[in-house]
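# Descriptive structure summary
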Amino acid sequence: VLATAGHVDHGKSALVEALTGVHPDRLAEERDRGMSIDLGFGVATLPSGRDVSFVDVPGHVRYLRNMIAGAGAVTGVLFVVSAVEGWRAQSEEHLVVLEALGVQQLVVALTMGDLADADQRRRVERAVRERLARSSIAVVDVVTTAAPRGDGLDLLATALDHLVDRLP
């Protein structure tokens, strides 16, 4: 089981939907607002043939308790950062929570890669790697994605396979 983490509106739910075929926002209020409030779930088959379950957590600070509940029992994380906006407030809050929970490894998805030029993507990736290098969590890989177009999803699935290989 892997949890998502990252700032609100950086595309966690869209990425889970692209990987699993299931949109994790179950509540009518979530769909109406376009924002996760509660935990969502999905299952994907990785290139190795293993199934991985995702717990999609809300990114908004008002729902931090739900994020903690969703990430509390996992050892691996799909950390989502927008290639357009970069590291934001809830990115930092989620990282602090993950460290406190003892998460040791993650894969970063730079989402919305199609909306940022190559220089912007490189700047964001460098900033994300620099921030995570100061944390206690190992970065297995960083993959640029564009969920609606399917860009990078195969590479992301392979990176998630490598993450699962390294989990206890």
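Attention in this report is confined to the structure presented alongside it.

Definitions and limits used
- Numbering of residues starts from 1 in each chain and follows the order in which that chain's sequence is written.
- A pLDDT threshold of at least 70 governs which residues receive local features in this predicted model, and a stricter bar of 80 or more applies before side-chain atom pairs are shown or counted, although totals over entire chains, interfaces and linings include all residues.
- Processing note: side-chain calculations cover all non-hydrogen atoms of the structure and skip hydrogens and water entirely.
- Numbering goes from the N terminus for both helices and strands, where a helix is a DSSP run of H or I of at least four residues and a strand is a run of E of at least two.
- Under the scheme applied here, a residue whose accessible area is under 20% of the maximum for its type counts as buried, over 50% as exposed, and between as partly exposed, the area being computed with a 1.4 Å probe on protein chains only.
- Every residue pair with non-hydrogen atoms within 4.5 Å of one another is taken to be in contact.
- What sets the accessible areas is the Shrake-Rupley method with a 1.4 Å probe; for residues, cover comes only from the shown protein chains.
- One bridge is not enough; two strands pair if DSSP finds at least two bridges between them.
- Only C-alpha atoms enter the line fits that serve as axes; for helices the fit covers just the stretch in contact. Angles between N-to-C directions range over 0 to 180 degrees.
- To qualify as a nonpolar core, a set must consist of buried Ala, Val, Leu, Ile, Met, Phe, Trp, Tyr and Cys residues joined through side-chain atoms within 4.5 Å.
- Note on aromatic contacts: the rings of Phe and Tyr and the six-membered ring of Trp form a pair at centre separations within 6.5 Å, being stacked when their planes are under 30 degrees apart, edge-to-face when over 60 apart, and tilted otherwise.
- Our angle categories are set so that under 35 degrees counts as roughly parallel, over 145 as roughly antiparallel, 65 to 115 as roughly perpendicular, and the remainder as oblique.
- Each residue is assigned to one of three groups, with Ala, Val, Leu, Ile, Met, Phe, Trp, Tyr, Cys and Pro labelled nonpolar, Asp, Glu, Lys and Arg labelled charged, and all others, Gly among them, labelled polar.
- Just to be clear on terms, a salt bridge is a Lys or Arg side-chain nitrogen sitting within 4 Å of an Asp or Glu carboxyl oxygen.

Scanning the protein chain for helices and strands turns up 6 helices and 6 strands. Counting from the amino terminus, the protein chain carries its helices and strands in the arrangement β-α-α-β-β-α-β-α-β-α-β-α. When the 168 residues of the protein chain are sorted by exposure, 49% land in the buried category. In the protein chain, the share of contacts with a sequence separation of at least 24, taken over all contacts with a separation of at least 6, comes to 72%. For the protein chain, the accessible surface area stands at approximately 7,700 Å², while carbon and sulfur atoms represent 50% of it.

One open sheet accounts for 6 strands, arranged β2-β3-β1-β4-β5-β6; its pairing is mixed. If you trace the sheet from one side to the other, it starts and ends with β2 (40-45) and β6 (138-144), each paired once. Each strand axis lies, on average, 25° off the axis of its neighbour in the sheet, ignoring direction. Sitting on the sheet, helix α1 (residues 12-20) is in contact with β1 (2-6), β2, β3 (51-56), β4 (76-82) and β5 (105-111), with an inclination near 160° to β3. Contacts from helix α6 (residues 153-166) reach β1, β3, β4, β5 and β6, with the element oriented near 170° to β6.

This next bit is on the nonpolar core. Counting 22 residues, the largest nonpolar core has Leu15, Leu19, Phe54, Leu78, Val107, Leu156 and Leu160 as the members making the most contacts within it. Those elements that place two or more of their residues in this core are α1, β3, β4, β5, β6 and α6. With 6 residues, α6 is the single largest residue contributor to this core. Not counting chain neighbours up to four residues away, the residues in contact with Leu15 comprise Leu78, Val80, Ala109, Thr111, Thr145, Ala147, Leu153 and Leu156.

As a further point, take the packing of aromatic side chains. Using the criterion set out here, one finds 1 aromatic pair in the structure. Arranged with centres 5.4 Å apart and planes meeting at 10°, the rings of Phe79 and Trp87 form a pair that is stacked. Assessed through its relative accessible area of 0%, Phe79 is described here as buried. Judged by relative accessible area, Trp87 falls into the partly exposed class, the value being 22%.

Taken N-terminus to C-terminus, the directions of α1 and α6 make an angle of 90°; their axes are 11 Å apart at the nearest point. One way to sum up the angle between α1 and α6 is to call them roughly perpendicular. The residues of α6 that touch α1, namely those facing Leu15, Ala18 and Leu19, are Leu153, Leu156 and Leu160. Of the residues contributing to the contact of α1 with α6, the split by class is 6 nonpolar, no polar and no charged.

To continue, consider the pattern of salt bridges. Overall, the coordinates contain 7 salt bridges when judged by the stated rule. Its salt-bridge partner being Glu125, residue Arg129 comes within 2.9 Å of it at the nearest N-O pair. Taken together, the residues Arg129 and Glu125, both in helix α5 (residues 118-133) and 4 residues apart, mark about one turn of the helix. A relative accessible area of 24% means that Glu125 is categorised as partly exposed. Of the charged contacts, one joins Arg149 and Asp151 as a salt bridge, the two residues approaching to 2.7 Å between their closest N and O atoms. Using a relative accessible area of 28% as the deciding quantity, one classes Asp151 as partly exposed.

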